[in-house]
Amino acid sequence: MSSPASSVVLHVYDLSNGLARQMSQAFLGKQIDGIWHTGVVSYGKEFFFGGGIQVGMPGRTPYGHPVDRIDLGETRIPEDVFIEFLNDISPRFSMDTYDLLRNNCNHFSQEAAKFLTGKSIPDYITGLPDDVMQTPLGGMIRQMLDRVQDYARQNAGTSMPVFTEPTVTAHPHASLELPFISSYDKPFLLHDKGDNGQMNMSKLRSLHEARHRDAGTEATSEESRAMDALEEYLKLPVDCGEPLPRECYRFLAKILAEWPVHSWGPVLEIFRLLMLYSTVNSHYANSSTSPTSIIIKRCLAAHKDVPKIVQLRGIFVATNVFSYSHGAKMFMQTAMLGEAIDCGLELVGREDMALRMSAAALLYNIALHLPKVESIEMVQLLSGMAHTLSNELDEETEFRLLLAISKLIYCNSAAQELVKSLDLRLESKEGAMGRREKVMEEINKLLQS
């Protein structure tokens with residue numbers, strides 16, 4: 001049986017704390033956005049080179065808070081095999097072998113990433129040119145890096161052990177046989193394209209015409225082109241790789257800004273479909289204004305005056321953001337995460353079964369992507385789901401919440417202890433062995449290990 005997949009994420013830190021971005025143009029005649037330090041995060045830990053190969057809690061190393069997190073994919077290499085690899089290469093990554101330009105933290109991250117995923121880290125991180133370091137700015141940067149490196153050396157062997165011998169052991173969960181939980185390694189998505197959004201495009205056109213008619217105005221030529229282009233785009237397969245025309249983005253943004261929420265139903269269904277397209281998902285992930293954030297605030301957080309169908313479709317949009325890693329990364333690293341957890345936990349307790357099931361799918365997607373560390377989001381999510389599970393639920397909602405809990409506690413000792421303290425009742429129904437019983441059996445195995 002193959003090992004459970006573990007996400008692999010590159011944490012990127014700017015050691016200049018913005019100095020390079022501010023001063024590089026004046027000193028160099030070219031823009032340098034940062035002086036990068038990196039660490040590779042997997043198995044719930046952050047591995048990095050600083051005074052030797054070290055390991056720490058993700059985001060809690062001497063280098064401050066990461067300015068970026070780059071998803072490198074997943075690995076099925078067992079943690080103990082990775083630890084053996086680190087010990088094998090540790091002589092090449094020691095205090096004595098460190099070189100600012102040719103054997104630094106980013107060279108270590110490159111080797112670790114290639115071993116785990118076969119992928120390289122971005123070229124802009126490893127490509128700091130020699131001529132930068134020969135300038136007055138380079139001298140300032142070198143002094144700054146030397147201070148950071150000295151700090152890392154002083155802290156080596158305490159909270160972050162150096163890999164001179166096998167000092168880190170795999171989490172006990174990594175050796176467990178968990179065939180049922182392991183088979184669920186993808187987010188819940190609503191893939192159905194139905195009529196490729198044609199019915200909702202027709203409804204959108206009717207609403208658009210009615211708004212102009214009521215206002216005594218005419219649709220602009222750009223609005224008409226945008227609706228035509230949007231209708232044709234939705235007929236393409238989701239893996240087409242074609243960009244959505246720019247006027248479509250402007251048109252959709254205008255609807256969210258100007259239309260009342262109760263009339264959003266058709267446009268939310270169109271957003272749900274668009275999130276299945278990699279190019280659109282990526283565009284919104286890199287946009288300064290996310291429609292998902294607006295939708296969560298206006299459809300889910302302000303739920304009292306919002307029709308159920310609009311809330312439901314708002315959840316579908318948020319759920320389908322997880323179709324691609326760039327969308328998931330954006331969702332998990334912005335302020336909307338806490339708001340989405342709040343809304344999801346409130347909606348999963350509703351009387352309406354469709355809202356409950358859809359909210360549970362969103363909470364599962366969030367659990368699947370949360371880092372394996374103790375965090376406010378982890379505590380909030382686990383506590384809220386445990387409370388909901390103490391009530392009578394339909395079978396599908398209960399299953400999705402249990403599956404989310406299994407993902408949170410796997411290889412996460414803090415989550416494991418929290419679930420134990422919450423005294424979550426995980427009792428199988430006599431004589432039954434369906435999905436509910438299978439996931440509960442493996443959760444109990446995780447809690448007892």
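Residues numbered from 1 in each chain as written. Predicted model: local features only at pLDDT ≥ 70, side-chain atom pairs only at ≥ 80, totals over all residues. Heavy atoms only, no water.

Enquirer: Give me the pairing of strand 3 (residues 45–49): which residues, what numbers.
Expert: Strand 3 sits mainly inside the fold: five of its five residues count as buried. Burial of strand 3 is two-sided: the residues K45, F47 and F49 facing one way and the residues E46 and F48 facing the other way are all buried. By the bridge criterion, three bridges tie strand 2 (residues 36–42) to strand 3 in an arrangement that is antiparallel. Paired with V40 across the two strands is F47, which belongs to strand 3. Hairpin connection, strand 2 to strand 3: the antiparallel pair is bridged by two residues, and Y43 has positive phi, about 55°. Of the strand pairs in this sheet, strand 3 and strand 4 (residues 53–56) are connected by four bridges, and their pairing is antiparallel. From the neighbouring strand, E46 faces strand 4, where its bridge partner is G56. (Buried < 20%, exposed > 50% of the residue type's maximum accessible area, 1.4 Å probe, protein only. Helix = DSSP H or I, 4+ residues; strand = E, 2+ residues; numbered from the N terminus. Pairing = 2+ DSSP bridges.)

Enquirer: Pulling in residues and values, what's your account of the packing of helix 11 (residues 265–274) against helix 14 (residues 308–320)?
Expert: Interhelical geometry of helix 11 versus helix 14 gives an angle of 15° and a closest axis separation of 8 Å. If you check the angle between helix 11 and helix 14, you find them roughly parallel. Helix 14 is crossed by helix 11, and the crossing has left-handed handedness. Of helix 14, the residues touching helix 11 (which contributes G265, P266, L268, E269, F271 and R272) are V310, R313, G314, F316, V317 and N320. The residue makeup of the contact of helix 11 with helix 14, split by class, is six nonpolar, three polar and three charged. (Axes fitted to C-alpha atoms, helices over the stretch in contact; angles between N-to-C directions. Parallel < 35°, antiparallel > 145°, perpendicular 65-115°, else oblique. Left-handed = near helix turned anticlockwise from the far one by under 90°. Contact = heavy atoms within 4.5 Å. Nonpolar A, V, L, I, M, F, W, Y, C, P; charged D, E, K, R; others polar.)

Enquirer: Explain the environment of C105 to me, and be specific about the residues and the numbers.
Expert: Within the secondary structure, C105 is located in helix 3 (residues 105–117). Among the residues examined, C105 registers a relative accessible area of 5% and is labelled buried. In sequence terms C105 and W36 are 69 residues apart; their C-alpha atoms lie 8.9 Å from each other. Each residue touching C105, except ones within four places of it in the same chain, is listed here: W36, H37, T38, F49 and Y98.

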